[in-house]
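Tertiary structure, described
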Amino acid sequence: MLETTHFTDIDDISASELDRVLTRAADIKSGDDETQLTRATLAMLFEKPSTRTRVSFETGMTELGGHALFLGPEDIQLGHGEPLSDTARVLGRYGDAIMVRLFDHEDLLEIAEHSDAPVINGLTDDAHPCQTLADLLTIREHVGDFDEVQAAWVGDGNNVGQSFVLGCAMAGIDLTVATPPAYGVDDDVLEKAAELGSTPTITTDPEEAVADADVVYTDVWISMGQEDQRHEKLQAFEGFQLNEDLLSSTDAKVMHCLPAHRGEEITGDVLEGERSLVWDQAENRLHAQKGLIVELLEE
Ligand code: CP
Ligand code: NVA
């Protein structure tokens, strides 16, 4: 059992609970933990597209002996004028948990406020904590003990990056963040990171960030909903691509939450090459979320 009812961002749980969720995930992955949540139902509400989040949650619920149902906004009354609060109250009475992928983080908090069932953030414009669970599980498996890891975030400082900053602070991972000046991590996230343990080193120089890194992480430059910013963002992120030239001075592993845009934030060579952890990272969404769900729902 976790102290929190909802998982709206990674810091809704404590550092020791984070360690417990990751250990649980590893045990479920290895087969040592065969916990079942028979007949548990997860309602999944999506305002944006998804491959990994949708399929890993649905598969995870099936493997745990439960069930997940996909709800696009057009499929339910939410897309036809029913308020978020009413939707949350009703879904929370049917389901054992609700997973939501929305644009506005405030909308997620409104759903959490009105739902009796736990609400899990499956990505908002500000946060992607389920991704962070999988990222940390992957680092622990492939890079090393958290207190010995030097990580670099190179790219946009939005949702995936922000939850990763908080997760690294909680796990004790030494992190450097390189973003273009206008695309940094929000100040309130840096303040939270300081409260949780440590603030990352902040730079606008990708070479500085990767120099001592054991693992380098990036995400798309044009996030879902930002398609109209494509031109200005491609200009702003020039020099931030993960390519063999940038990585030539290091043996660092490479992570990407996917989907990737080859030729933009990462080259095909790097994504497909020996450094890449991305497929294990994607698989770990399944195991990490199973660890989270059993810790959230178990009596
Ligand atoms: N990483 C991630 O959340 O992928 P999807 O958008 O496919 O769910
Ligand atoms: N930053 C990306 C992450 C996708 C998983 C987006 O918001 O589209």
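Keep in mind that what you see is a predicted model, and the values were worked out from it rather than measured.

Before going further, it helps to spend a moment on the site of ligand 2. Inspection of the region around ligand 2 gives Leu123, Asn158, Asn159, Val160, Asp219, Val220, Ser223, Met224 and Leu258 as its neighbouring residues. Here Asp219 contributes a side-chain N or O atom positioned 2.6 Å from a nitrogen atom of ligand 2. Between Ser223 and ligand 2, the recorded distance is 2.7 Å, taken from a side-chain N or O atom to a nitrogen atom. Bound to the protein, ligand 2 loses 95% of the 270 Å² it would expose on its own. Classifying every residue of the shell around ligand 2 by side-chain character gives 5 nonpolar, 3 polar and 1 charged.

Around ligand 1 lies a shell formed by Ser50, Thr51, Arg52, Thr53, Arg101, His128, Gln131, Cys257, Leu258 and Arg285. Separating a nitrogen atom of ligand 1 from a backbone N or O atom of Cys257 is a distance of 2.9 Å. Between ligand 1 and Arg285, the relevant distance is 3.0 Å, taken from an oxygen atom to a side-chain nitrogen or oxygen of the residue. For ligand 1, whose accessible area on its own is 250 Å², the fraction buried by protein is 96%.

As a further point, take the domain arrangement of the protein. Taken domain by domain, the protein consists of domain 1 (6-128 + 285-294) and domain 2 (130-281). Placing a centre on the C-alpha atoms of domain 1 and another on those of domain 2 gives a separation of 24 Å. Each partner contributes to the interface: domain 1 provides 34 residues, whereas domain 2 provides 27 residues. Summing the contributions of domain 1 and of domain 2, the shared interface buries around 2,400 Å²; its carbon and sulfur component is 64%. Sorting the residues of domain 1 by area buried against domain 2 places Ile10, Leu22 and His128 first, and these three jointly supply 26% of that buried surface. If you look at where domain 1 meets domain 2, you find 3 salt bridges. Asp11 is paired through a salt bridge with Lys192; the nearest N and O atoms lie 3.6 Å apart. Elements represented by at least two residues in the side of domain 1 that touches domain 2 include exactly α1 (15-30), α2 (52-63), β4 (119-121) and α11 (278-297). Ranked by the residues each element gives to the side of domain 1 that touches domain 2, the list is headed by α1, at 9 residues. By residue class, the composition of the side of domain 1 that touches domain 2 is 17 nonpolar, 7 polar and 10 charged.

Further remarks concern the sheet that holds strand β3 (residues 97-101). Strand order in this open sheet of 4 strands is β2-β1-β3-β4, and the pairing throughout is parallel. Sheet topology places β2 (67-71) and β4 at the edges, where each strand pairs with a single neighbour. Strand-to-strand twist in this sheet, taken as the mean axis angle between neighbours without regard to direction, amounts to 20 degrees. Here strand β1 (residues 41-46) runs beside β2; their pairing, made up of 5 bridges, is parallel. By the bridge assignment for β2, Thr41 is matched with His67.

Its location among the elements puts His67 in strand β2. Taking the relative accessible area as the measure of exposure, His67 reaches 45% and is therefore partly exposed. With residues up to four places along the chain from it excluded, the contact list for His67 reads Ala40, Thr41, Leu42 and Met61.

Averaged over all residues, the pLDDT of the protein equals 97, while 100% of them reach at least 70. Two numbers describe this predicted complex: its pTM, 0.98, and its ipTM, 0.99.

For the rest of this paragraph, the subject is the UniProt feature "binding site: L-ornithine" (unreviewed entry) in the protein. The UniProt entry lists Asn159, Asp219, Ser223 and Met224 under the feature "binding site: L-ornithine" (unreviewed entry), expressed in the numbering used here. A maximum C-alpha distance of 11.6 Å among these annotated residues, which run over 66 residues, shows that they cluster at one spot. When sequence neighbours within four positions are dropped, the list of residues in contact with Asn159 reads Leu123, Thr124, Asp125, Asp126, Ala127, His128, Asp219 and Ser223. Once residues within four sequence positions are removed from consideration, Ser223 is found in contact with Asn158 and Asn159. A polar contact is formed between the side chain of Ser223 and the side chain of Asn158, at a distance of 3.0 Å.

By the secondary structure assignment, Gln289 is in helix α11. Accessibility expressed as a relative area gives 1% for Gln289, which makes it buried.

Once that is clear, we can look at the UniProt feature "domain: Aspartate/ornithine carbamoyltransferase carbamoyl-P binding" (unreviewed entry) in the protein. In the numbering adopted here, UniProt assigns the feature "domain: Aspartate/ornithine carbamoyltransferase carbamoyl-P binding" (unreviewed entry) to residues 6-141. Helix makes up 46% of residues 6-141 and strand 14%, and the two end C-alpha atoms of the span are 27 Å apart.

A sheet is described by the order of its strands in space; here 5 strands give the open sequence β7-β6-β5-β8-β9, paired in parallel fashion. The strands lining the two open edges of the sheet, one partner per strand, are β7 (201-203) and β9 (253-256). Pairs of neighbouring strands in the sheet enclose a mean axial angle of 20 degrees, with direction left out of account. Pairing between strand β5 (residues 150-154) and strand β8 (residues 215-218): 3 bridges, direction parallel. Residue pairing across strands places Trp153 opposite Tyr217, the latter belonging to β8.

About the criteria used
- Residues numbered from 1 in each chain as written.
- Chains lettered and ligands numbered in written order.
- Predicted model: local features only at pLDDT ≥ 70, side-chain atom pairs only at ≥ 80, totals over all residues.
- Heavy atoms only, no water.
- Near = heavy atom within 4 Å.
- Polar contact = N/O pair within 3.5 Å; in protein donor to acceptor, adjacent residues only side chain to side chain.
- Areas by Shrake-Rupley, 256 points an atom, 1.4 Å probe, with all protein chains shown as cover.
- Nonpolar A, V, L, I, M, F, W, Y, C, P; charged D, E, K, R; others polar.
- Domains from an automatic or database assignment.
- Contact = heavy atoms within 4.5 Å.
- Buried area = accessible area lost by both parts, 1.4 Å probe.
- Salt bridge = Lys/Arg side-chain N within 4 Å of Asp/Glu carboxyl O.
- Helix = DSSP H or I, 4+ residues; strand = E, 2+ residues; numbered from the N terminus.
- Pairing = 2+ DSSP bridges.
- Axes fitted to C-alpha atoms, helices over the stretch in contact; angles between N-to-C directions.
- Buried < 20%, exposed > 50% of the residue type's maximum accessible area, 1.4 Å probe, protein only.
- pLDDT = per-residue confidence, 0-100.
- UniProt positions renumbered as here; feature names shortened; annotations may be inferred.

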